[in-house]
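Read off the chains here:
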4 protein chains.
Amino acid sequence: MQNIYTDLAMEMAEGLDGEGLRGIEMDSVQQGDVKITTIHVVNDDGAKTLGKPIGSYITIESPKIKENNFVVHEEIMGILVKQLALLRDGLGIDDDAPVLVIGLGNRNVTPDSLGPQVVGKLLVTRHILDKMPEGLVGLRPIAALAPGVMGMTGIETAEVVKGLVGNVRPQLVIAIDALAARSIDRINQTIQLTDTGISPGAGVGNRRATLDEKTLGVPVVAIGVPTVVDAATFVNDTLDIFLAQMAEGTPEHLRDGAEFFRMLTQLEEQDKHAVIRNSIEPSVGNMFVTPKEIGEVVKWLSNIIANGINIAMHKGIDMDDINRFMY
Amino acid sequence: MQNIYTDLAMEMAEGLDGEGLRGIEMDSVQQGDVKITTIHVVNDDGAKTLGKPIGSYITIESPKIKENNFVVHEEIMGILVKQLALLRDGLGIDDDAPVLVIGLGNRNVTPDSLGPQVVGKLLVTRHILDKMPEGLVGLRPIAALAPGVMGMTGIETAEVVKGLVGNVRPQLVIAIDALAARSIDRINQTIQLTDTGISPGAGVGNRRATLDEKTLGVPVVAIGVPTVVDAATFVNDTLDIFLAQMAEGTPEHLRDGAEFFRMLTQLEEQDKHAVIRNSIEPSVGNMFVTPKEIGEVVKWLSNIIANGINIAMHKGIDMDDINRFMY
Amino acid sequence: MQNIYTDLAMEMAEGLDGEGLRGIEMDSVQQGDVKITTIHVVNDDGAKTLGKPIGSYITIESPKIKENNFVVHEEIMGILVKQLALLRDGLGIDDDAPVLVIGLGNRNVTPDSLGPQVVGKLLVTRHILDKMPEGLVGLRPIAALAPGVMGMTGIETAEVVKGLVGNVRPQLVIAIDALAARSIDRINQTIQLTDTGISPGAGVGNRRATLDEKTLGVPVVAIGVPTVVDAATFVNDTLDIFLAQMAEGTPEHLRDGAEFFRMLTQLEEQDKHAVIRNSIEPSVGNMFVTPKEIGEVVKWLSNIIANGINIAMHKGIDMDDINRFMY
Amino acid sequence: MQNIYTDLAMEMAEGLDGEGLRGIEMDSVQQGDVKITTIHVVNDDGAKTLGKPIGSYITIESPKIKENNFVVHEEIMGILVKQLALLRDGLGIDDDAPVLVIGLGNRNVTPDSLGPQVVGKLLVTRHILDKMPEGLVGLRPIAALAPGVMGMTGIETAEVVKGLVGNVRPQLVIAIDALAARSIDRINQTIQLTDTGISPGAGVGNRRATLDEKTLGVPVVAIGVPTVVDAATFVNDTLDIFLAQMAEGTPEHLRDGAEFFRMLTQLEEQDKHAVIRNSIEPSVGNMFVTPKEIGEVVKWLSNIIANGINIAMHKGIDMDDINRFMY
């Protein structure tokens, strides 16, 4: 299963149990419509199984994120703030330490514009801490950049960020990115947080160089939302559903004798995916699947995440401010 | 096959021959990398077969449209100008008659933003014909609007356009829209022109009310480019490729006994599509497939189409001006 | 003074008293940092004096609107909601009657993009009242359009809106626009509401046809914010300040003999403005003055106004929801 | 005069002659509607007089740049290409050496968005030189970034660029920026090129750290267009015109006795500007003046500059390609 592409640790962990979970601690809480899943990868065994580095992966899931319902959005933002604060404290970030936020992705491709949109809504303060509007106190120096994608800049994003970290000298980097999910059911309804940085590969773009503590010298919290499914993955999943449904509708004697059907159902997930990828690669290798309402959903998501960061990172904006009017 | 959704007349006509083509005249010219296909639906028989109204459908196709190559783009634009001029003359539009251009689609969703982007690049002149910059003569009054989509405005686009036509009183409406193709191989490499208006249903949006001579009282030339494939259609097509490839790789004795396989391959196209749509409808009903480079390709396409309209509609900008620097 | 251009009734009324105020009722309330001024033009005398039609003009003023301070923005929004509700009730608009919102201005010129930005943030419902997300009840059918400016469309905005009103059949039109102020001190810190529609002339653009009950057949509430000062007006005002300061700093004996100075100070306001306009017209006739931070301020203002309309117009979103997280 | 703010060397040199021009070589050519002025600051004397570093300053001026006339735009682009090529050769840049283009300014404030818009239209190639579309040869590795302004990022632009130069290792940096002019007559009709980098201060923003060979370690060619005039400067200039016009209209005997008038006219330029700045500083300190059509003019200017860079920097796109269809 590990060859099927997903950026979500939770999707990698699905179906694991017993021995399969060695090195992985997993916990899940339901809170109204929202499910919060925390996965700790505690050692190399876990990292190998999950294909993700050692560290924490928190998933905030709700089918209602993608609805035009500010009551739900506010609730999700509150949860995001708490989880971000936990990561912040776990990493021992000082109250007044500089934080650098990087909005990854292409602002001109809607499902990939989450990062740039979040950057545009942050309360950036690194340059004006001495002249804040009255009543706004307890703010941390925050800097933010949406560096664009390599296709537009000709430069690896990691190169840009490395240069910035050397000059801004933050204690923490927060990277926002649109992700690819395995399942279309997770598109736009899952927010993943991790303290392990952004691993190679991603939603719409083809980013390669990792942003993490090893490459940047400071811890990297990544906030990601799956906004697309890779087209080949999508075909694979719907093929499974299709075959299952065909099988149900097939008379018993046909299914009994159906060597081909047996073959299909016994095909290793991984092999099947390889066949699909090979057969459609020439034309759909760089296609993605996304919902028609992606434009408005990315706007809501960027509001939730930008304000979540504003509140969790600026001590002066506490939890009561969630009930305020923010951008 | 007619139930499979496509906005391209050419895709509907594929595979037809002999009696199947009754009422349909089809002609095709190859010009370097560019293939120009002209379909005339001449009577009700043809209209029924194709599922499209009586009229002309011209398709300009090249795999190079989607490449970052201005030499090719200029060539395509030249062909578009000629075809637009043919439609213009066929409809008997006067040289100085007002033309209203409507850019359909949602400017905030990249593959649906073709129409609004074209409108932004037109040489709009209806309000300034008496004060044109020196050297620009022979211009026609052109008005243009990108009315947005119903999800953003709460108003059927046809309602907006009807009101406009009543006030602007054009002799011709040109409507630009992003379309849905049947085949992912046609995405971003086909421009379709027709003098029959825009029929219901389309690329990313869910437009319902037709814009044509019957509803608006003036002829409607539609220019469309498929920028997406409907997700269910996409699954169907890749499934076909997958099954074909599996079959090739299956030992003879298995295929012989494979009732299930036989069933699959004998399944009517239409039924298979229905099964797919049913099995995945709850989650992917409103999903679409589009390539990762959609952002830049839509920018190029809007340049080609906007300048094609500028040249074909403004008499003062003749074919020599194709070799100029235009926006 | 009436020749000096301003869109603000309040600026026209400044300095009037006694007989000068015949036909004009004026009242003003200070509420913390916010000053609310209500002007009722009750008859033709008042209309003539003010150069504005009979009706109500409410001005919400605070130097803090243009600060990055969400606490203040929320407070302003609350006041806007109350004033909008008063106008709504004064006009007798039914709870479930359709409302059409028109965002005037050019989305590509920052200080003129207020209207289009507000439209993008409205809860538009006319097309989906039967399928609202759970928990959102009591919503009114709202439609919205940002028709662009004549320079981009070739069409008078009034022509577009007339067509729309005929099809949408609203009980009320709300028009949002960026305005021109007389004084640079009012830029970005004043919101004007009126039930008399939008009068000719405006901020950045050159709109001519009025949107009001007479032209559209339904009442028009206009919400405007001055985001620019006309360049000629700006010169005039700063010239006054300059002359006053020079005079203060001039030795008594010079001022006594200064015929020229006397002449300058005795110059009728109106004549001085004419001189300025004549002397600089060729080059600055179409220039405007705006602050450097206009980009972010227009974003905040559009949030305040869009949410003010959402709350005042959708019965289901009551005043308690101000303390929620909205867009 | 040196205290009056302008980014244009040409405006600083106006009115200088004889001894005043020590250390400054100035030459000017008229070519149809276009005037090309070349200023070489050859030593410290010249640098002191002009308030600009030693190096070359080329100004391409035409009142027609700001007209919607592609014939003129193409002509201007041709001149820009030649001048850029001269600077490139003067600096000894190798044909295949990497070039880094920096688009300064705020993409959300129209007159400051020139740099970001140029970056969006460049043929960026650093990452794809091995997989170019057929027929496009002789391309140089070009990288490009629009880093945003300090108000949005919290980071000095120079900090971002320094980091980039360290990683990208270009032989040349080209910086594009919107400038402030002294005279409103130069807005949008002048393109300034220089090989001395971008000096502190600028159009809309308040940039402070210089981008030049000293700070970055590689030569910096700056391309700037004045899109605004500082509001205080604007008042000063129009005040001069006003006073001159008033004086002309004043009877001889009044002017003779007018001490105040004498005082005004004898006021040192510099002092007058200081008075203006002091008297209006509290309210207009951060105001700027710009024309209403700024939106479309910046679009045209960014097309001209982006294509000028494309042609001058990519050897494979030679002068013949000016007569092609480019973006």
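Computed from a predicted structure; not experimentally measured.

**Considerations on the overall build of chain A**
Within chain A, the secondary structure is distributed over 12 helices and 9 strands. A buried classification covers 63% of the 327 residues belonging to chain A. Once local pairs closer than 6 in sequence are excluded, the contacts in chain A between residues at least 24 apart make up 75%. About 11800 Å² of surface is accessible on chain A, with carbon and sulfur atoms providing 48% of the total.

**Digging into the interface of chain B and chain C**
Contacts between chain B and chain C engage 23 residues on the former and 23 residues on the latter. Approximately 1800 Å² of surface area, both sides summed, lies buried where chain B meets chain C, with 58% of it carried by carbon and sulfur atoms. Of all residues in chain B, His-127, Ile-155 and Glu-159 of chain B bury the most surface against chain C, accounting for 25% of the area lost on that side. Joining chain B to chain C, the criterion identifies 2 salt bridges. Where chain B meets chain C, there are 10 residue pairs in polar contact (both at pLDDT 80 or more).

**Let's talk about helix α6 (residues 157-168) of chain B**
Here α6 of chain B spans 16 Å end to end across 12 residues, near enough to the 16 Å set by a 1.5 Å rise per residue. Within α6 of chain B, 9 of the 12 residues are buried, which leaves the element mostly enclosed by the surrounding structure. Summarising the contacts, the buried residues of α6 of chain B are in contact with β4 (99-103), β5 (142-145), β6 (172-181) and α7 (213-216) of chain B together with α6 (157-168) of chain C. One or two residues past the end of α6 of chain B sits Arg-169 of chain B, with phi positive at roughly 50°.

**Focus on the packing of aromatic side chains**
Following the criterion strictly, the structure yields 2 aromatic pairs over all chains and no others. Note on Phe-234 of chain A and Phe-234 of chain B: the rings are 6.3 Å apart at their centroids and 15° apart in plane angle, and the pair reads as stacked. Separated into two different chains, Phe-234 of chain A in helix α8 (residues 231-248) and Phe-234 of chain B in helix α8 (residues 231-248) make up a pair that spans both.

**Looking at the pattern of salt bridges**
Across all of its chains, the model carries 24 salt bridges over all chains by this definition. Arg-22 of chain C is the partner of Asp-45 of chain C in a salt bridge, and the nearest nitrogen-oxygen pair spans 3.9 Å. Highlighted residues: Asp-45 of chain C in helix α2 (residues 44-50) and Arg-22 of chain C in the loop between α1 (9-13) and β1 (24-31), separated in sequence by 23 residues. Between Asp-33 of chain C and Lys-64 of chain C there is a salt bridge; the shortest N-O distance is 3.1 Å. With Asp-33 of chain C in the loop between β1 and β2 (34-41) and Lys-64 of chain C in the loop between β3 (55-61) and α3 (70-90), this residue pair connects regions lying 31 residues apart in the sequence. For Asp-33 of chain C, a relative accessible area of 39% translates into the label partly exposed. Through salt bridges that share partners, Glu-11, Glu-61 and Arg-186 of chain A make up one connected network.

**Brief notes about helix α12 (residues 294-313) of chain A**
The end-to-end C-alpha separation of α12 of chain A is 28 Å, in line with the 28 Å expected for 20 residues at 1.5 Å each. Here α12 of chain A lies mainly inside the structure; 18 of its 20 residues are buried.

**Structural notes on the relation of the copies chain B and chain C**
Of the transformation superimposing chain B on chain C, the axial component is 0.0 Å and the angular component is 180°, with the fit at an RMSD of 0.0 Å. Such a combination of rotation and displacement between the chain copies is what one expects of a two-fold axis. Residue Gly-163 of chain B of chain B places its C-alpha closer to the rotation axis than any other residue of that unit, at 1.9 Å. Both copies contact each other with a shared surface, as 100% of the interface residues of chain B are interface residues in chain C too.

**Brief notes about the side chain of Ser-113 of chain C**
Residue and element names in this part refer to chain C. Topologically, Ser-113 is positioned in the loop between β4 (99-103) and α4 (114-120). In this structure the side chain of Ser-113 is engaged in a polar contact, spanning 2.7 Å, whose partner is the backbone oxygen of Thr-110. Beyond its immediate stretch of four places on either side in the chain, Ser-113 contacts Asn-106, Arg-107 and Val-298.

**Here we look at the pairing of strand β2 (residues 34-41) of chain D**
Residues and elements named next belong to chain D. Of the pairings in the sheet, the one linking strand β1 (residues 24-31) to β2 comprises 8 bridges and is antiparallel in character. Bridge pairing links Val-29 to Ile-36 in β2. Between β1 and β2, which follow one another and run antiparallel, lie 2 residues, and Gly-32 among them has a positive phi close to 65°. Alignment of β2 against strand β3 (residues 55-61), held across 7 bridges, turns out to be antiparallel. Its bridge partner being in β3, Ile-36 is matched across the sheet by Ile-60.

**Looking at the packing of α6 of chain B against α6 of chain C**
For the pair α6 of chain B and α6 of chain C, the least separation of the axes is 8 Å and the interaxial angle reads 125°. Taken together, α6 of chain B and α6 of chain C sit at an angle that is classed as oblique. By crossing handedness, the relation of α6 of chain B to α6 of chain C is classed as right-handed. Residues Glu-159, Val-160, Gly-163, Leu-164 and Asn-167 of chain B of α6 of chain B form the contact with α6 of chain C, whose participating residues are Glu-159, Val-160, Gly-163, Leu-164 and Asn-167 of chain C. Tallied by class, residues from the contact of α6 of chain B with α6 of chain C come to 4 nonpolar, 4 polar and 2 charged.

**Points about unusual backbone geometry**
Residues and elements named next belong to chain B. Its identity as a non-glycine residue notwithstanding, Arg-169 has a phi of 50°, on the positive side. Among the secondary structure elements, Arg-169 is positioned in the loop between α6 and β6. By relative accessible area, Arg-169 is classed as exposed at 62%.

**Structural notes on the side chain of Asp-212 of chain B**
Residues and elements named next belong to chain B. Checked against the element boundaries, Asp-212 lands in the loop between β7 (190-194) and α7. Buried Asp-212, no salt bridge; nearest opposite-charge side chain is Lys-214, N-O distance 6.2 Å. From its side chain, Asp-212 meets the backbone nitrogen of Lys-214 in a polar contact 3.1 Å long. Not counting residues within four places of it along the chain, the set of residues in contact with Asp-212 comprises Thr-196, Gly-197, Gly-217, Val-218 and Val-220.

**Quick word on the environment of Arg-107 of chain B**
When you line up the elements, Arg-107 of chain B lands in the loop between β4 and α4 (114-120). Ignoring any residue separated from it by four or fewer positions in sequence, one finds Arg-107 of chain B in contact with Ser-113, Pro-116 and Ala-146 of chain B together with Arg-107 of chain C.

**Some details on the environment of Gly-103 of chain D**
Residues and elements named next belong to chain D. With respect to the helices and strands, Gly-103 occurs in strand β4 (residues 99-103). Take Gly-103: its relative accessible area is 0%, and that puts it in the buried class. Sequence spacing of Gly-103 and Pro-147 is 44 residues, and the spatial spacing of their C-alpha atoms is 7.1 Å. Setting aside residues no more than four positions away along its own chain, Gly-103 makes contact with Gly-115, Pro-116, Val-119, Leu-145, Ala-146, Pro-147 and Ile-176.

**A closer look at the pairing of strand β9 (residues 287-291) of chain A**
All names here are of chain A. The buried fraction of β9 amounts to 5 of the 5 residues, a majority that puts the element mostly inside the structure. Across the two faces of β9 the burial is the same, with Met-287, Val-289 and Pro-291 and Phe-288 and Thr-290 all buried. Pairing geometry for strand β8 (residues 220-230) and β9, over 2 bridges, is antiparallel. Each bridged residue has a counterpart across the sheet, and for Asp-230 the counterpart in β9 is Phe-288.

**Quick word on the confidence of the model for chain A**
Residues and elements named next belong to chain A. When pLDDT is averaged along chain A, the result is 81; 76% of the residues meet or exceed 70. Per-element confidence in chain A ranges from a low mean pLDDT of 51 for helix α9 (residues 252-257) to a high of 96 for strand β4 (residues 99-103). Per-residue pLDDT stays below 50 along residues 319-327; that stretch engages in 45 contacts with residues further than four places along the chain or on separate chains. Overall fold confidence (pTM) sits at 0.82, and the ipTM for the predicted complex is 0.81.

Conventions used here
Residues numbered from 1 in each chain as written. Chains lettered and ligands numbered in written order. Predicted model: local features only at pLDDT ≥ 70, side-chain atom pairs only at ≥ 80, totals over all residues. Heavy atoms only, no water. Helix = DSSP H or I, 4+ residues; strand = E, 2+ residues; numbered from the N terminus. Buried < 20%, exposed > 50% of the residue type's maximum accessible area, 1.4 Å probe, protein only. Contact = heavy atoms within 4.5 Å. Areas by Shrake-Rupley, 256 points an atom, 1.4 Å probe, with all protein chains shown as cover. Buried area = accessible area lost by both parts, 1.4 Å probe. Salt bridge = Lys/Arg side-chain N within 4 Å of Asp/Glu carboxyl O. Polar contact = N/O pair within 3.5 Å; in protein donor to acceptor, adjacent residues only side chain to side chain. Expected span 1.5 Å × (residues − 1). Phe/Tyr/Trp six-rings, centres within 6.5 Å; stacked < 30°, edge-to-face > 60°. Least-squares fit on C-alpha atoms with pLDDT ≥ 70 in both. Pairing = 2+ DSSP bridges. Axes fitted to C-alpha atoms, helices over the stretch in contact; angles between N-to-C directions. Parallel < 35°, antiparallel > 145°, perpendicular 65-115°, else oblique. Left-handed = near helix turned anticlockwise from the far one by under 90°. Nonpolar A, V, L, I, M, F, W, Y, C, P; charged D, E, K, R; others polar. Lys, Arg positive; Asp, Glu negative; His and termini not counted. pLDDT = per-residue confidence, 0-100.

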